Amino acid sequence: MQSFAGTLARNLVVAAVCAVAGPVLLVFGALGVADPGEADRRIPLVFLLVGLAGTLAIPVRAFSGTRADYRVVTRRDRLDDGTGRPDDSFALWAPRADVTPQGRFAAADVLEATFVRYGGDWEGTYQSYGGDLDPDEVKPLIRLRLRIHPDGSAPFGWTDERRVPSLCLSAVTAGRLVAVVGSTRPAEVRIDWPRSALLAGTRPCRLVGLDGRRVDLTGRPDLLLEQMRIAGTVGGIRMDVDTIDLRRLAPPVATRLQGLIERVGEPAERPALEPTPDGRSRWVVDDLPGGAGTFGDLDRRWARHGGQLTRARFLELRGTTTYQHHGPVLETVLRIWPVEGGEPFDARKKLTVPMNYLALLHRTKDLVALVSPDRRGYEIDWNRSNLAAGVTPASVIAPDGREFDLTGRFDPLLAIMRLLVAHQVSVPGNVLDLLARRTSAMVAQVMEALRTSLDRDATGPAPR
């Protein structure tokens, strides 16, 4: 597990190498000032002052860099009052829509998505952009083949390449986009990425009716699209996290949205998106930056002294203007469950979130966190989180040779990962082979975890 002292020491070395001129000037200046034969000490004194400033800047730069790099959630990151949100609440602050005001919102099915390229010339670990810059090099370029359903017109096909904001990648893999259509000519079609994330189910959308009744529009693209059209005609409607309270809106707007609440129980106007095998026709996850999912390497000292794994969940994601090559730096609010049980707590932390995890954000918001032995620090383990999220296929080979597919099954995977930590077994891949000698002491417990999972979920993994 990452330590603050270790990160600070590493950054001190890096800062000292980058600013080595400071100590050199300090030494030369000190020698010149102390030289009794030096007639004019003004130049050595300048060297001394400049060198002193450069030398003092080394620990300052190292400490500020450590504060930015340090990924562990500590007590100072906790939100003392919590957020008061339910566990399934999620707020996503995506980039502003870059679309022309003219045109109509239309649902678009992603028939095929192909990764083209990503990235530019990265000059350092972090890349920051000031102001309202919207750089292309931090967005993957993806070729899309869509079927667009304009309101009142026949569907038509559209194919082109588009830069996809990382926070909206899940709309592509989910297969639902919002197109802004001026006509049926492809040149006049644009994609509204923030609304696409809403339509795809990445961000929940709930309405509180005039009578106080709460309904969920998530997963109803027909109603969501109508809600977007209503909001567009009145200049936008503010969502409180993921909820719109109609009692706070102007009566004419509230009445129109109340009609959507009355239609929640009705069948969808359009059939659901046609499924594809594992969504492979739009599965761009394998080509996106980010680590592969694994059952996890193990720091034996950490495990031996009582380190454990626990569940965490995103409650909020907000974009910043800083990026790393494998993902954006985001302002996050996390809910973390203590390993000893009890009430979870919320924390605010800046994290680099891998793009391949973001591409599956419509499926899960859950994460696997490392817990320090003293229970004071929590760090997101992205390799384990990616396996539990389904970025990488996960399987367990039973002692009788049967193979259980656990891809994207968070609960059983977390239970098995905890057993691996308890037995101090490292599995740096996505297949747990119970025929191997190193897993012999935990075979019965892993099989019991699998049986429990199968009993809890009738649609769970079947042996192959």
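What you see as residue numbers is a count from 1 along each chain, following the sequence as written. Local features in this predicted model are restricted to residues of pLDDT 70 or higher, and side-chain atom pairs are both shown and tallied only at a pLDDT of 80 or more, whereas totals for entire chains, interfaces and linings draw on every residue. Computation of side-chain values: all heavy atoms of the structure, hydrogens and water removed.

Draft legend 1. Here's a closer look at the overall build of the protein chain. Secondary structure elements follow DSSP: runs of H or I of four or more residues count as helices, runs of E of two or more count as strands, with numbering from the N terminus. Within the protein chain, the regular secondary structure consists of twelve helices and 18 strands. Per-residue accessibility, obtained with a 1.4 Å probe over protein chains only, is compared with the maximum for each type, and a residue is labelled buried under 20%, exposed over 50%, and partly exposed between these values. Out of the 464 residues in the protein chain, the part that is buried amounts to 47%. In this description, contact between two residues means that some pair of their heavy atoms is separated by no more than 4.5 Å. For the protein chain, contacts bridging at least 24 residues in sequence account for 72% of all contacts bridging at least 6. The Shrake-Rupley method, run with a 1.4 Å probe, gives the accessible areas here. Residue values count only the displayed protein chains as cover. Carbon and sulfur atoms make up 53% of the accessible area of the protein chain, which amounts to about 22,600 Å² in all.

Draft legend 2. Up close: the pattern of salt bridges. Salt bridge, as used here, is a side-chain nitrogen of Lys or Arg placed within 4 Å of a carboxyl oxygen of Asp or Glu. Tallying each qualifying case throughout the model produces 31 salt bridges. Between Arg145 and Glu112 there is a salt bridge; the shortest N-O distance is 3.3 Å. Pair noted here: Arg145 is in strand E4 (residues 141–149) and Glu112 is in strand E2 (residues 104–117), with a separation of 33 residues, a long-range link. With relative accessibility at 34%, the residue Glu112 sits in the partly exposed group. Two residues, Asp216 and Arg206, come together in a salt bridge whose shortest N-O distance is 3.7 Å. Pair noted here: Asp216 is in strand E9 (residues 214–216) and Arg206 is in strand E8 (residues 206–208), with a separation of ten residues, a long-range link. The exposure class of Asp216 is partly exposed, given its relative accessible area of 34%.

Draft legend 3. The packing of aromatic side chains, seen in detail. Between 30 and 60 degrees the pair is tilted, below 30 it is stacked and above 60 it is edge-to-face, where a pair is any two Phe, Tyr or Trp rings, Trp via its six-membered ring, whose centres lie within 6.5 Å. Under the criterion given, the structure shown has five aromatic pairs. Here Phe314 and Tyr357 contribute two aromatic rings whose centre-to-centre distance is 6.1 Å and whose plane-to-plane angle is 65°, an arrangement assigned as edge-to-face. Taken together, the residues span a long stretch of sequence, with Phe314 in strand E11 (residues 308–324) and Tyr357 in helix H9 (residues 355–358) at a distance of 43 residues. Exposure remark for Phe314: the relative accessible area of 0% places this residue in the buried category. Of the residues examined, Tyr357 reaches a relative accessible area of 1% and is grouped as buried. Taken together through their ring pairs, the aromatic side chains of Phe314, Tyr357 and Trp382 make up a single cluster. Here the basic side chain of Arg78 rests over the ring of Phe345, its NZ or CZ set 3.7 Å away from the ring centre. Geometrically, a charge over a ring is one whose NZ (Lys) or CZ (Arg) sits within 6 Å of the ring centre while staying within 35 degrees of the ring normal. The cationic tip of Lys365 hangs over the ring face of Phe90; the distance from NZ or CZ to the ring centre is 5.0 Å.

Draft legend 4. Up close: the pairing of strand E13 (residues 345–352). With respect to burial, E13 is a largely interior element, six of its eight residues being buried. At least two DSSP bridges between two strands are needed for those strands to be called paired. Sheet topology note: the strand E12 (residues 327–336)/E13 ladder contains eight bridges and is antiparallel. Note on E13: the bridge partner recorded for Arg335 is Asp346.

Draft legend 5. Quick look at the pairing of strand E14 (residues 366–371). Among the six residues of E14, six are classified as buried, and the element is accordingly described as predominantly covered. The side-chain alternation of E14 yields two buried faces, one formed by Asp366, Val368 and Leu370 and the other by Leu367, Ala369 and Val371. In terms of strand pairing, E11 meets E14 through six bridges, oriented antiparallel. Residue pairing for E14: Leu309 is matched across the bridge by Leu370. Pairing of E14 with strand E15 (residues 378–380) involves three bridges; the strand directions are antiparallel. Within the sheet, the bridge partner assigned to Ala369 lies in E15 and is Ile380.

Draft legend 6. Molecular detail of a nonpolar patch on the surface. Only residues whose relative accessible area exceeds 30% and that form no salt bridge enter a patch; like-charged residues are grouped when within 9 Å of one another, and nonpolar side chains (Val, Leu, Ile, Met, Phe, Trp, Tyr) when within 5 Å. Taken together, the side chains of Ile43, Val46, Phe47 and Val50 define a hydrophobic patch exposed on the protein surface, amounting to about 350 Å² of accessible area. When its relative accessible area of 53% is taken as the criterion, Ile43 is described as exposed.

Draft legend 7. Up close: the environment of Arg85. Its location among the elements puts Arg85 in the loop between helix H3 (42–69) and strand E1 (91–93). On the basis of relative accessibility, which here comes to 17%, the residue Arg85 falls in the buried class. Spatially, the C-alpha atom of Arg85 lies 8.2 Å from that of Leu315, the residues being 230 residues apart in sequence. Nitrogen and oxygen atoms within 3.5 Å of one another constitute a polar contact, given that in protein one can donate a hydrogen and the other can accept it, and given that sequence-neighbouring residues count only through two side-chain atoms. A distance of 2.9 Å separates polar atoms of two side chains, one belonging to Arg85 and the other to Glu316.

Draft legend 8. Examining unusual backbone geometry more closely. One non-glycine residue, Val241, lies in the positive phi region at around 65°. The residue Val241 is located in the loop between helix H6 (221–233) and strand E10 (243–245) in this model. Here the phi dihedral of Gln424 falls at roughly 55°; this positive angle occurs in a residue that is not glycine. Here Gln424 shows up in the loop between helix H11 (410–422) and strand E18 (431–433).

Draft legend 9. Expanded view of the packing of helix H10 (residues 382–389) against H11. Relative to each other, H10 and H11 sit at 145°, their axes nearing to 9 Å. You can see that H10 and H11 cross each other, and the crossing is right-handed. The residues of H11 that touch H10, namely those facing Arg384, Leu387 and Ala388, are Phe410, Leu413, Met417 and Val421. Gly is put with the polar residues, along with every residue not named as nonpolar or charged; the nonpolar set is Ala, Val, Leu, Ile, Met, Phe, Trp, Tyr, Cys and Pro, and the charged set is Asp, Glu, Lys and Arg. Per-class residue counts for the contact of H10 with H11 are six nonpolar, no polar and one charged. In this analysis, axes come from line fits to C-alpha atoms, helices being fitted only over the stretch in contact, and the angle between any two N-to-C directions falls in the range 0 to 180 degrees. With the far helix as reference, a near helix turned anticlockwise by less than a right angle produces a left-handed crossing, and one turned clockwise produces a right-handed crossing.

Draft legend 10. Summary view of the confidence of the model for the protein chain. Residue-level confidence of the predictor, termed pLDDT, takes values from 0 up to 100. Of all residues in the protein chain, 86% have pLDDT values of 70 or greater, and the mean over the chain is 85. Note that residues 459–464 has pLDDT below 50 and, in this model, 17 contacts with residues that lie over four places away or in other chains.

Draft legend 11. Main features of the sheet that holds strand E17 (residues 403–405). Read across the sheet, three strands follow the order E17-E16-E18 without closing on themselves; strand pairing throughout is mixed. Both outer strands of the open sheet, E17 and E18, are each paired with one neighbouring strand and no more. Each neighbouring strand pair of the sheet contributes to a mean axis angle of 15°, computed without reference to strand direction. The pairing of strand E16 (residues 395–397) with E18 spans three bridges and is parallel. Bridge pairing links Ile397 to Asp433 in E18. Sheet contacts for helix H12 (residues 443–456): E16, E17 and E18; angle to E17, the most-contacted strand, approximately 50°.

Draft legend 12. Structural detail: the sheet that holds E8. Strand order in this open sheet of three strands is E9-E8-E10, and the pairing throughout is mixed. A single partner strand is all that each edge strand has here, and the edge strands are E9 and E10. Across the sheet, the axes of successive neighbouring strands diverge by a mean angle of 20°, strand direction being ignored. Judged from the three bridges that link them, E8 and E9 form a sheet pairing that is antiparallel.

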